[in-house]
Amino acid sequence: MRVVATAGHVDHGKSSLVLALTGTDPDRFDEEKERGLTIDLGFAHAELPSGAGVSFIDVPGHIRFLRNMLAGVGGVDACLFVVAATEGWKPQSEEHLRILELLGLRHGVIALTKRDLVDDESLEIATFDVTDHVEGTFLDGAPIVAVDSLSGAGLDELRAALDELVATTPGAADRGRPRLWIDRVFAAKGSGTVVTGTLVGGSLAHDGGVVVEPGGREARIRAIQTLGRQVDQIGPGNRVALNLNGVSHDEIGRGDAVVTPDRWFRTSRVDASLDVLASLDHEVSRRGAYVAYLGSRELPVRMRVLGTDALAPGAAGAVRMFFEDALPLLPGDRFILRESGRDETIGGGEILDVDPISKAAAARPDRSIERVVAERGWIDVDRLELLTGETIEPTVGRWVTTPDLLVATQEGLLADIDAAGDLGLDIAALPEHERAVAESLDEVDVVAGTARRADVVDPFADHPLAAKILDGRFAPELPADADRGTIRELVRRGILVERDKVVFHSDTIDEAAWLAADLLASSPDGFTVAQFRDRTGASRKYALPLVAELDARGITRRRDDLRIAGPRLPER
Ligand SMILES: Nc1nc2c(ncn2[C@@H]2O[C@H](COP(=O)(O)OP(=O)(O)OP(=O)(O)O)[C@@H](O)[C@H]2O)c(=O)[nH]1
Ligand SMILES: [Mg+2]
């Protein structure tokens, strides 16, 4: 399915042509029918001779309703550009073409309507006129088909041209990140809220959770319709009506976006490119009341020109824009910029950075992922995907960084590890990305939370002190010259256990736990410290801290003078 918008000057026959092609009058409102004028967007669809489907968004040509036109062309793949043979190129032909160009449209077909009202010579003149005006634009070379929408003459040729257009226009890509800019909202007959829009970026499925932005309202998809049919799921590039549970129709409106949760970065500040229209008669600076049109949204912006104070007509530059609301945006989103005071189209551009962190004076926005990474040094791979929309291989662990910074961090870590000496470097104290680097280094071993050079024998593995303490079993003797630092490290690793100034081997604690289990098996009401001491064969000096350790681990519990079973008592 392709979504095609009409475009062209007021009264040139856009709606009549859509009606002739689809059988549906896109003018939905009584006022539109009475005045013979499109005010708001209209929608219709048709099957082409090849069997391919095409959805039309019919836009108003009158300059007063330009904002509605802008809301309609935000997510379309191609256009049906309409020029009346009777009048030829007119101001809104020009403005609509500029807008579609700025939005990055690449595909279209031109219809010369009202051919029944002109003679062959006038038709030829109108054709030259149109050819002239589209030269150098995306419509340069597009088929020009003369039609009479009332009698149907020329429609077969136009349908064939549309078929060719649909076949050669790439479909909306599925990036697993669906977004539907709402163009209509109404209350459903039964219950719930229905929103319509053009789905791009990904698929939606029945019963799926969605969020309406701005505002983060959570909703559930109760039903999906496309082309009047109910479907269980729907891919990008389609006109879609969603019946939503959980939001009221009066809380949301045109210009809001339906997205899937957690897949979007919401932003109220972006850096963007701006192409200023050459036809403008003044420069563009931060002064002015600007409105951006993005998706189906009209959004007031505060703006600052980057790198210079003002952009001349025809210039290409960059701007930082501030919005009142946080919106789910991605680099590559296109917008049109208008000045509301003068009511004129200024230009348009592409969002380059949805989370600009460098100062405006230093910002040099572009769409490179390397820049996003370099400005941050280290960035979590999931966050980088939110900011760029691209899936990126992490450099190390879950992190992405620049090659230079990776090398610098590796070298810094090795130096710290060398400086830490025998005890090694405690990696729990490192920032998360450095920990990931430590674990990734071939020349480093991370054992029990400590990083050491791999070629250095771990002095704490099979340490003689641990062996000696294990030998002592329930009555271990600590050598008088034992090093405190060594004991601390062996305790930290869980090899030794220190309780009330007595140091046991952890295997001995396990043995003591089994001993307690045996005692409780024969006397379920509990045992005394004296009974326990007798079973260990050691003195009270050792039995007391051992029992205290068992209590601390939840193996035993104290009740009066007895020890009873704790939640962690082992079972045979
Ligand atoms: N004779 C003739 N009349 C046409 C043709 N196409 C449109 N018209 C008439 O032209 C008038 C305007 O047509 P619309 O289809 O409403 O024009 P539009 O471009 O949709 O106008 P807006 O939406 O207001 O910009 C209507 O009276 C149509 O009947 C055509 O091919 N031949
Ligand atoms: Mg119309």
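Our structure is the block above this text.
Everything numeric here is computed off the predicted structure, so don't read it as measured data.

Chemist: Please clarify how the sheet that holds strand 2 (residues 42-47) should be interpreted in this entry.
Modeler: Sheets are built from strands paired through backbone hydrogen bonds, the pairs being either parallel or antiparallel. Taken together, 6 strands build an open sheet; the order of strands is 2-3-1-4-5-6 and the sheet is mixed. If you trace the sheet from one side to the other, it starts and ends with strand 2 and strand 6 (144-146), each paired once. Strand-to-strand twist of the sheet, defined as the mean angle between neighbouring strand axes without regard to direction, takes the value 25°. Note: strand 5 (residues 108-113) against strand 6, 3 bridges, orientation parallel. Within strand 6, the residue paired with I110 across the bridge is I144. Each of strand 1 (2-7) and strand 4 (78-84) touches helix 4 (residues 91-102); the most contacted strand, strand 4, lies at about 170° to it. Here helix 5 (residues 120-134) sits on the sheet and contacts strand 4, strand 5 and strand 6; the angle it forms with strand 5, its principal contact strand, is near 150°.

Chemist: Explain the site of ligand 1 to me, please; I cannot follow it from the model alone.
Modeler: Close contacts around ligand 1 come from 20 residues, with K14, S15, S16, T38 and D116 the closest. In this structure, an oxygen atom belonging to ligand 1 sits 2.9 Å away from a main-chain N or O atom of S149. Of the residues in the shell around ligand 1, the class split is 6 nonpolar, 9 polar and 5 charged.

Chemist: What is the right way to read the pattern of salt bridges from this model?
Modeler: Once their charged atoms are close, side chains differing in charge can pair, the charge on each being opposite to the other. Applying the stated rule across the entire model yields 39 salt bridges. E432 is paired through a salt bridge with R398; the nearest N and O atoms lie 2.8 Å apart. Residue E432 is found in helix 10 (residues 432-440), and its partner R398 is found in the loop between helix 8 (381-388) and strand 23 (399-401); the two are separated by 34 residues along the sequence. Take E432: its relative accessible area is 41%, and that puts it in the partly exposed class. Residue R398 is classed as partly exposed on the basis of its relative accessible area, which comes to 41%. Residue R563 is joined to D551 by a salt bridge in which the shortest nitrogen-to-oxygen separation is 2.7 Å. In this pair, R563 is assigned in strand 30 (residues 562-565) and D551 in helix 15 (residues 540-552), connecting sequence segments 12 residues apart. Residue classification places R563 among the buried residues on the basis of a relative accessible area of 7%. Counted as one network, the salt bridges with shared partners bring together D353, D366, R371 and E375.

Chemist: What's the story with the coordination of the magnesium ion (ligand 2) in this structure? I'm lost.
Modeler: Think of it this way: four donors in a tetrahedron around the metal ideally sit 109.5 degrees apart, and six in an octahedron ideally sit 90 or 180 degrees apart. Surrounding the magnesium ion (ligand 2) are the protein donor atoms S15 (OG) and T38 (OG1), at 1.9 to 2.0 Å. Taken together, the residues span a long stretch of sequence, with S15 in helix 1 (residues 14-22) and T38 in the loop between helix 2 (30-35) and strand 2 at a distance of 23 residues. Both residues of the pair, S15 and T38, belong to the buried class.

Chemist: How do you make sense of the packing of helix 7 (residues 369-376) against helix 8 when you look at a structure like this?
Modeler: Packed helices, taken two at a time, are described by their axes: the angle between them and the distance between them. Interhelical geometry of helix 7 versus helix 8 gives an angle of 130° and a closest axis separation of 11 Å. For the element pair helix 7 / helix 8, the angle class is oblique. Along this stretch, helix 7 crosses helix 8, giving a crossing that reads as right-handed. In contact with I369, V372, V373 and R376 of helix 7, helix 8 contributes L384, L387 and T388. Class assignment for the residues of the contact of helix 7 with helix 8 results in 5 nonpolar, 1 polar and 1 charged.

Chemist: Would you take a moment to explain the packing of aromatic side chains for this structure?
Modeler: Aromatic rings in a pair are described by how distant their centres are and how their planes are angled relative to each other. Within the structure shown, the criterion is met by 2 aromatic pairs. Relative to W89, the ring of F81 has its centre 5.6 Å away and its plane inclined at 15°; by these criteria the two rings are stacked. Taken as a pair, F81 and W89 share a single burial class, namely buried. If you follow R302 out to its NZ or CZ, it ends over the ring of F322, 4.7 Å from the centre.

Chemist: What am I meant to see in the sheet that holds strand 24 (residues 425-426) here?
Modeler: Read from one edge to the other, the open sheet built from 3 strands follows the order 24-26-25, with strand pairing classed as antiparallel. The open sheet has two free edges, formed respectively by strand 24 and strand 25 (444-447), since each of these has just one partner strand. The pairing of strand 25 with strand 26 (residues 450-453) spans 4 bridges and is antiparallel. Within strand 26, the position partnered with V447 by the bridge is T450.

About the criteria used
Residues numbered from 1 in each chain as written. Chains lettered and ligands numbered in written order. Predicted model: local features only at pLDDT ≥ 70, side-chain atom pairs only at ≥ 80, totals over all residues. Heavy atoms only, no water. Pairing = 2+ DSSP bridges. Helix = DSSP H or I, 4+ residues; strand = E, 2+ residues; numbered from the N terminus. Axes fitted to C-alpha atoms, helices over the stretch in contact; angles between N-to-C directions. Contact = heavy atoms within 4.5 Å. Near = heavy atom within 4 Å. Polar contact = N/O pair within 3.5 Å; in protein donor to acceptor, adjacent residues only side chain to side chain. Nonpolar A, V, L, I, M, F, W, Y, C, P; charged D, E, K, R; others polar. Salt bridge = Lys/Arg side-chain N within 4 Å of Asp/Glu carboxyl O. Buried < 20%, exposed > 50% of the residue type's maximum accessible area, 1.4 Å probe, protein only. Donors = N, O, S within 2.8 Å, 3.2 Å for Na, K, Ca; no water. Parallel < 35°, antiparallel > 145°, perpendicular 65-115°, else oblique. Left-handed = near helix turned anticlockwise from the far one by under 90°. Phe/Tyr/Trp six-rings, centres within 6.5 Å; stacked < 30°, edge-to-face > 60°. Lys NZ or Arg CZ within 6 Å of the ring centre and 35° of its normal.

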